[in-house]
Each structure stands twice: as C-alpha cells, then as structure tokens.
Amino acid sequence: MSVTVPPRRAEPARAVMLELFPEGFEEVDGPDGVELAAYTDAAGEERLWKAFGGASGADVEAGWEDRWRSFHRPVQVGPLWIGPPWERPPGGVIAIVIDPGRAFGTGAHPTTRLCLELLLDGPTGSLLDVGCGSGVLAIAAAKLGYAPVLAVDVDPVAVETAAGNAEANGADIAARLADALAEPSLPAAEVAVANITLSSVEGVAGRLDCSRLITSGYLASDRPRFDGFRTTRRVEAEGWAADLSTRQTG
C-alpha cells in the first residue's frame, strides 16, 4: 500500500508512516512527489486510508518481507560511508552504521548528504544538531572531529534513537529532548546544523548562537534568509538544497 505526497508534506507524512508501520516502509522520489509504501494486510490498509484519506495498493510476490532492505542502500560523501548493518563498508572510510528499523533516516536522503558535504567544508569545533532524528549528522560530526557535539529533538524516540546509534558507532555525542522553537535558550556552538522543514529552519535560525549555520530540508527553489547571517555556499542535489551561512559582525 502506498501514498504519494508533495515534497513539502514529506516530513509530516514520514512521521505518520513511522507511527503506522514502525517495522519499516519504503520511500521513493518521483515526478508526482514522494511515494511512501508499506507491505501490510487489510488492517494496515484501513489504517493508511484513515490517516491519509486514500491510498494505492497492489499484490506482491513471495519474499516481500525482506524487500524493504533493498531501499536502504549505503551512500558515501567524501570519506564518510553511511549504511545499514547488513552492508559492509569498504576500506579506508569513516563508517557510520545506522539501523533503519530504529531511525528516521539513514543518510540516503539528498538533504542529509548535502549537510554532510557542508560539514566537510571548514574547520571543526563545537556543534549543535537541531532536529537530530536518527543522529546521522551528529555522529558524522563527532567522527570528523567536531567536539563537543549536542543533538536535540522534540521527539523522545528520536533522542533515544540518536543516543543508541551514537553508542553503537562509538561516537561521543550528547542527545537530549528539546523544542528548539520554544526553549528559552539554546546552547551556544561554533557550528549549528538544522536539517528540518523550511518553516522550522526560518523559525529557529534567529535563536541560534553560532558562527556557522548549516541548513537544509527545503527545495532548491526555496531561498531562506536568516537575520544576522550571510549565505556563503549553496549545494544542490535532486531538487533539494542546503546552505552554509556565516554570522555577520559589525
């Protein structure tokens, strides 16, 4: 069973799919939007219809139970390799292993890859990951030499997942529950990363005490502007964008 949503609705749709199908689902970018698909029975079909007001369905052949694994493929960004536990990383890479059964993302989405590319560009330092999800960006930062690294998320399951993934990867990060849009103050850091929705990025940027800001979670056609910051580099992939901005002084 599958639903297709516009890219701007993909993030809340993923959250619904995670709640409905915690055992896993597939995600495919297409010309009509983002398709989210799950292998389920009649009861699951009913839940999907109630949640989205419609869905598409098709019978599948035997062996569907393991087919979802083919969706989770490893990716490499510079020296960083991010993949699921059933894939073996090549030699000479910085490996980050993420179990998709526990996570909100495994590093394969273009916005995550673009943020990783920008993390590789520039000096390391203290880092704050806002909306950390499964912790891919925070773990990568720690392995690249950023320290200390703090990952925050409004979802307690995400915080638990990020902490567990960090431990499994031997990465030194702290993860805690925080609503970045409502907290009285956020910890200062030399670098802040926010790979969230466009409205959340624009809402949280002015509350961050950082010298460099890496943002994504929006389309290449979007041009967010943050008071006190100047965008110094933009990278794009598959219709998505990420920006590196630096704080203006004087």
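Calculation rules
- Residues numbered from 1 in each chain as written.
- Predicted model: local features only at pLDDT ≥ 70, side-chain atom pairs only at ≥ 80, totals over all residues.
- Heavy atoms only, no water.
- pLDDT = per-residue confidence, 0-100.
- Helix = DSSP H or I, 4+ residues; strand = E, 2+ residues; numbered from the N terminus.
- Contact = heavy atoms within 4.5 Å.
- Buried < 20%, exposed > 50% of the residue type's maximum accessible area, 1.4 Å probe, protein only.

### Considerations on the confidence of the model for the protein
- Predicted confidence across the protein gives a mean pLDDT of 89, with 93% of residues reaching 70 or more.
- When mean pLDDT is compared element by element in the protein, strand β7 (residues 127-130) scores highest at 98, while strand β2 (residues 26-30) scores lowest at 83.

### A look at the environment of R247
- The topology assignment puts R247 in strand β13 (residues 240-247).
- Once the C-alpha coordinates of R247 and R212 are considered, the two residues, 35 residues apart in sequence, prove to be 6.3 Å apart.
- The contact partners of R247, leaving out residues within four places of it in the chain, are L208, D209, C210, S211, G228 and F229.

### Considering unusual backbone geometry
- Going from A147 to P148, the amide bond is cis rather than trans, its omega being -15°.
- Summarising the element assignment, P148 is placed in the loop between α4 (136-144) and β8 (149-153).
- Here the phi dihedral of E238 falls at roughly 55°; this positive angle occurs in a residue that is not glycine.
- Checked against the element boundaries, E238 lands in the loop between β12 (229-237) and β13.
- Under the relative-accessibility criterion, E238 is labelled exposed at 56%.

### A word on α4
- Where burial is concerned, most of α4 is hidden: seven out of the nine residues are buried.
- All of the buried residues in α4 are V136, L137, A138, I139, A140, A141 and A142.

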